[in-house]
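Given next are the chains, with one letter for each unit.
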Amino acid sequence: MKVLKFGGSSVAKPERIRSVIEIVKPYLKDKPALVFSAFGGVTDSLIALSSAALAGKAEYKEELRLLETRHLDAVRELIGIQKQSSILAQVKFTFNELEDVLHGVFLVKERTPRTLDYIMSFGERLSAYIIAEAMKDQGIEAEFLDARQVVRTDNNFGYARIDFEKTNELIKNHFANRTQVQIITGFIGSSPSGETTTIGRSGSDYTAAIVAGALQVSDLEIWTDVDGMMTADPRKVKKAFTVKEMTYEEAMELSHFGAKVIFPATMQPAMVNRIPIWIKNTFNPAFEGTVISEKSNGKNLIIKGISSMDKISLLSVQGSGLVGVVGVSMRLFGTLAKENISVILISQASSEHSICFAIESNKTQQAKAAIEKEFQYEIRSKEMDTVKVEESLAIVAIVGENMKHNPGTSGRMFNALGKSGININAIAQGSSELNISAVIHQQDIAKALNVLHEAFFLSDRKVLNVFLVGTGLIGKSLLAMMQKQYNQLAKQNQLEIHVVGIANSKKMLFSEDGLKLEHAVVQMMTDGEEMNLNTFMGTMLSMNLSNSIFVDCTSSGEVTEHYESILASNISIVTPNKKANSGSFQKYLSLKQEAQKRGVKFLYETNVGAGLPVINTLNDLLVSGDSVLSIEAVLSGTLNYIFSSFKPGDKFSDVVREAKVKGYTEPDPRDDLNGMDVARKILILSREAGLSLELSDIQVENLVPEACRGEMTVEEFLKKLEEHNPYFEKLATEAAARQEKLRYMAVLQDGKTSIRLGSVNAQHPFYSLSGSDNIILLTTERYKERPMVIRGPGAGAEVTAAGVFADIIRIGNYANN
């Protein structure tokens, strides 16, 4: 025999009730007992009706009429017309009874716990009666059983305690003489004097367990609206999945810390009698669900679930007068017990100097006042401090019996939280190693759940949440690369990259689930809101997603002003934007220190040489103990193209104009010719090599003739540049005469950095450089005789985007460790 219980969502509408009857039919040969909750939302409606009546609001009568109509309509839909009249009459009679009670509350302006229990009982009494009649109408031998006949309780109205000895006897006697399927009201019982009681919210589950225990059934099935016990709350963790098996203890721990699928009281009668509890989904009846039993075979899972509770306060009692004093804990928790305040979590230092504990936030001031009254003498004599209160907190807990067999579980938990910048206020773990709980800030709860879920259930795969600012050539190329490589990264690198925020100078758009990469820019321009940098940053921080990466594909100095606060919020940064690292040395240093302090990454490989591995190579050399003697480099693809193309007899202004037409230069070529872009790059390399230089310390040869530096249009500049063609032609001719080529070179040597236009002979590595390539020569203690040469395309959207993409993947690999 089995006991099946169906919750309010399972019987919320007539069509759902029909589905439930179909689910039940295969069980009928074994004469199951069926327990039903009130129709979905009815219990809350009954409480609201009584509250309105208590407040003297006559509008409750209209709400009562609507509630009656809902139940009468259910009868009409579920039962054939020839059998409806007597059933409709019974439902109307029941509602007349309810109306009389509510009218009494309205008149006397009083609603005792006894009266409220009686009012709430109408929900289950009506639903079970209607469902029993609907089953009879389909030819099923069913009988309505008002649980008040068999469930005996004390008179603690609102949360009555079960008299198991009497209840078990009544249930056994009732079922011994019945051949029909019993349709039982959940949630309600009766006191020894026959008064109606309720056994707590979600009491219908408890009723089912009580019946199951009394009858020693083979299985208890709780039919609800989810696919079983999940690894986490699927509303907060999108990748949560069903756990097939868990023990009673694991389920009880998860339910204590917020998993609402099943409640601890439900499991007690089943645990005592070793009855397996199945959690199944009315909306997906073919799914196996979760079985909760004495033993679990889920050996491959270190933990079975992650749960949480919000709206928590942490109270701390501390002082030198507590050390070694016997009875302090008894007084403290005895005081809370007298106030009927439940303690959720306790943490005490071994020094006995302090005790902290977590309670529900709505009890905070009551608890603080009671404790300070109890310990008023110790507080006055300075032996104890006043009670410290921390509010707006939450508890996250990992649960699983296999933790005891797997060293390092707590380390994995705290490492995952720490990497995501989630601060822990208190920790608790029992000696059974079944549960590790941490108190964190309320705002971090969703982030914590996702981080821990990844760490324990998806440890072979990481989700990176990217916020991209800048959708020009580099930004668009990056999006295209991420789209093209998405499946391969997921398969080979176990990385999923979700672009959850995107912006340009005009629009911005966010999607916590990730934007479709192929349409992201178009969707942003169509559906996005007006771009505001402060709003973008605020939204990014408030989303508080794990493994977040801010990608800056702009050249904006304004964006870089937010870098420090982004890093301080435990969000990594990837950027080709040179403005931050070539600003003041103090800012450069503070950004690197902030990233190190927060355990996040600040990656800017593409600041120098686009996609060339310059900065990482330099850092690897230095970290491994090498030291830089000198750096020589051609760092402007634009200027290398110009001087590789410029031959004796050519007009310099024509070569510059051609480079602009081909898209090699900035819109104003003077931004390339003035050498400041190269200066920023060599400054960054100098700082990476360990020098504390400012941009003003670099000697820069400006190739823009002084007469061409004023306010003028680009066309006016190019026209005026023609006047200086003879100067540049002379340089080219003299170099050719020496069999050398002109190169715009940056040099770091002896702690000094300079940039100049010079010439090199055929033996120099720079001689063969062509097109828009960059080249860097690193002369170090290890590479003294033959310098390390890094050469390749140093400009272009594709190669720069590839470098940015590589940095993003690098962060993903770091997150996986």
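Residues numbered from 1 in each chain as written. Predicted model: local features only at pLDDT ≥ 70, side-chain atom pairs only at ≥ 80, totals over all residues. Heavy atoms only, no water.

Asks: Honestly, the overall build of the chain in this entry has me stumped. Any pointers?
Replies: Secondary structure summary: the chain contains 28 helices and 29 strands in total. Taking 28 Å as the expected radius of gyration for a compact globule of 817 residues, we find that the chain reaches 37 Å, considerably beyond that expectation. C-alpha extents for the chain along the principal axes are approximately 120 × 75 × 55 Å. The buried share of the chain, taken over its 817 residues, is 52%. Look at the contacts in the chain between residues 6 or more apart in sequence, and 72% of them connect residues 24 or more apart. Carbon and sulfur atoms form 49% of the exposed surface of the chain, whose accessible area is close to 36000 Å². (Helix = DSSP H or I, 4+ residues; strand = E, 2+ residues; numbered from the N terminus. Rg over C-alpha atoms; globule rule 2.2 N^0.38 Å. Buried < 20%, exposed > 50% of the residue type's maximum accessible area, 1.4 Å probe, protein only. Contact = heavy atoms within 4.5 Å. Areas by Shrake-Rupley, 256 points an atom, 1.4 Å probe, with all protein chains shown as cover.)

Asks: Would you explain the packing of helix H23 (residues 652–661) against helix H26 (residues 714–721) in this entry?
Replies: The geometry of a pair of packed helices is captured by two quantities: the angle between their axes and the separation between those axes. At a minimum axis separation of 8 Å, H23 and H26 run at an interaxial angle of 150 degrees. The pairing of H23 with H26 is recorded here as roughly antiparallel in orientation. Residues Phe652, Ser653, Val656, Arg657 and Lys660 of H23 form the contact with H26, whose participating residues are Val714, Glu715, Leu718, Lys719 and Leu721. When its residues are assigned to classes, the contact of H23 with H26 shows five nonpolar, one polar and four charged. (Axes fitted to C-alpha atoms, helices over the stretch in contact; angles between N-to-C directions. Parallel < 35°, antiparallel > 145°, perpendicular 65-115°, else oblique. Nonpolar A, V, L, I, M, F, W, Y, C, P; charged D, E, K, R; others polar.)

Asks: Looking at this model, I keep getting lost on unusual backbone geometry. Mind explaining?
Replies: As a rule of thumb, non-glycine residues mostly have phi less than zero, and peptide bonds are mostly trans rather than cis. One non-glycine residue with positive phi stands out, namely Phe187, at about 80 degrees. Turning to its location among the elements, Phe187 is positioned in the loop between strand E4 (181–185) and strand E5 (188–190). Phi is positive for Asn570, which is not a glycine, with a value near 65 degrees. Within the secondary structure, Asn570 is located in the loop between helix H19 (563–568) and strand E22 (572–574). Asn570 gets classed as buried once you look at its relative accessible area, which sits at 11%.

Asks: What should I look at first to understand the pairing of strand E11 (residues 305–318) in this one?
Replies: Two faces make up the sheet, and in a regular strand the side chains alternate between them. Most of E11 sits out of view: 11 of its 14 residues are buried. Note that E11 and strand E14 (residues 388–399) share nine bridges and pair antiparallel. Bridge pairing links Ile306 to Ile398 in E14. (Pairing = 2+ DSSP bridges.)

Asks: Before we go on, may I ask you to explain the packing of helix H21 (residues 615–623) against helix H25 (residues 676–688) in this structure?
Replies: Put simply, H21 and H25 touch, their axes get as near as 10 Å, and they point 20 degrees apart. As the angle between them shows, H21 and H25 are arranged roughly parallel. The interaxial crossing formed by H21 with H25 has right-handed handedness. From H21, Ile615, Leu618, Asn619 and Leu622 reach across to H25, where they touch Ile684, Leu685 and Glu688. Residues belonging to the contact of H21 with H25 are distributed by class as follows: five nonpolar, one polar and one charged. (Left-handed = near helix turned anticlockwise from the far one by under 90°.)

Asks: When you look at the layout of surface pockets in this model, what are you seeing that I'm missing?
Replies: The method is simple in principle: a probe with the dimensions of a water molecule rolls over the atoms, and the space it marks as empty is what remains. By volume, the second largest pocket is sized at about 1200 Å³. Lining the second largest pocket are 42 residues, with Ile474, Ser555, Lys578, Glu666 and Asp677 sitting closest to its centre. Of all elements in the fold, only helix H15 (473–493), helix H22 (637–645), helix H24 (670–673), H25 and helix H28 (797–816) reach the threshold of two or more residues within the lining of the second largest pocket. Sorting elements by how many residues they give to the lining of the second largest pocket places H25 first, with four residues. (1 Å grid on protein atoms, 1.4 Å probe; cavity = no way out; pocket = protein on both sides within 12 Å on 5 of 7 lines; lining within 4 Å. Points joined across faces, edges and corners; volume = space filled by probe spheres on them.)

Asks: How should the sheet that holds strand E13 (residues 354–360) be read in this particular structure?
Replies: Sheet strands pair by backbone hydrogen bonding; their relative direction is either parallel or antiparallel. Overall, antiparallel pairing links the six strands, which are arranged E12-E13-E11-E14-E16-E15 in an open sheet. The sheet is open, and its two edges are formed by strand E12 (345–348) and strand E15 (424–429), each paired on a single side. The mean angle between the axes of side-by-side strands here comes to 30 degrees, regardless of whether they run parallel or antiparallel. Running over the sheet, helix H11 (residues 364–374) touches E11, E13 and E14 and is turned about 30 degrees from E11.

Asks: What is the right way to look at the environment of Gly625 in this model?
Replies: Within the fold, Gly625 resides in the loop between H21 and strand E24 (628–634). Here Gly625 falls in the exposed class, since its relative accessible area comes to 59%. Taking the C-alpha atoms as reference points, Gly625 and Arg782, 157 residues apart in sequence, are found 9.6 Å from one another.

Asks: Which parts of the structure should I look at to understand the packing of aromatic side chains?
Replies: The geometry of an aromatic ring pair comes down to the distance between the two centres and the angle between the two planes. For the structure shown, the criterion picks out 19 aromatic pairs. Note on Phe241 and Phe457: the rings are 5.5 Å apart at their centroids and 85 degrees apart in plane angle, and the pair reads as edge-to-face. Note that Phe241 is positioned in the loop between strand E7 (219–224) and strand E8 (245–247) and Phe457 in helix H14 (residues 445–457), a separation of 216 residues in sequence. Residue classification places Phe241 among the partly exposed positions, given a relative accessible area of 30%. Ring centres of Tyr641 and Tyr664 lie 4.2 Å apart, and the angle between their planes is 25 degrees; this geometry places the pair in the stacked category. Taken together, the residues Tyr641 in helix H22 and Tyr664 in the loop between H23 and H24 connect sequence positions 23 residues apart. (Phe/Tyr/Trp six-rings, centres within 6.5 Å; stacked < 30°, edge-to-face > 60°.)

Asks: In this structure, what is going on with the sheet that holds E8? I would like to understand it.
Replies: Overall, mixed pairing links the eight strands, which are arranged E3-E4-E2-E1-E7-E9-E10-E8 in an open sheet. At either end of the open sheet lies a strand with only one pairing partner, and these are strand E3 (142–145) and E8. When strand polarity is set aside, the average angle formed by the axes of neighbouring strands in this sheet is 20 degrees. By the bridge criterion, four bridges tie strand E1 (residues 2–6) to strand E2 (residues 33–36) in an arrangement that is parallel. Looking across to E2, one finds that Val3 is bridged to Ala33.

Asks: I would appreciate a short explanation of the pairing of E2 in the present structure.
Replies: Residues Ala33 and Val35 line one face of E2 and the alternating positions Leu34 and Phe36 line the opposite face, and both faces are buried. Crossover connection from E1 via helix H1 (residues 14–24) to parallel E2: handedness right-handed. (Right-handed = clockwise from strand over helix to strand, strands pointing away.)

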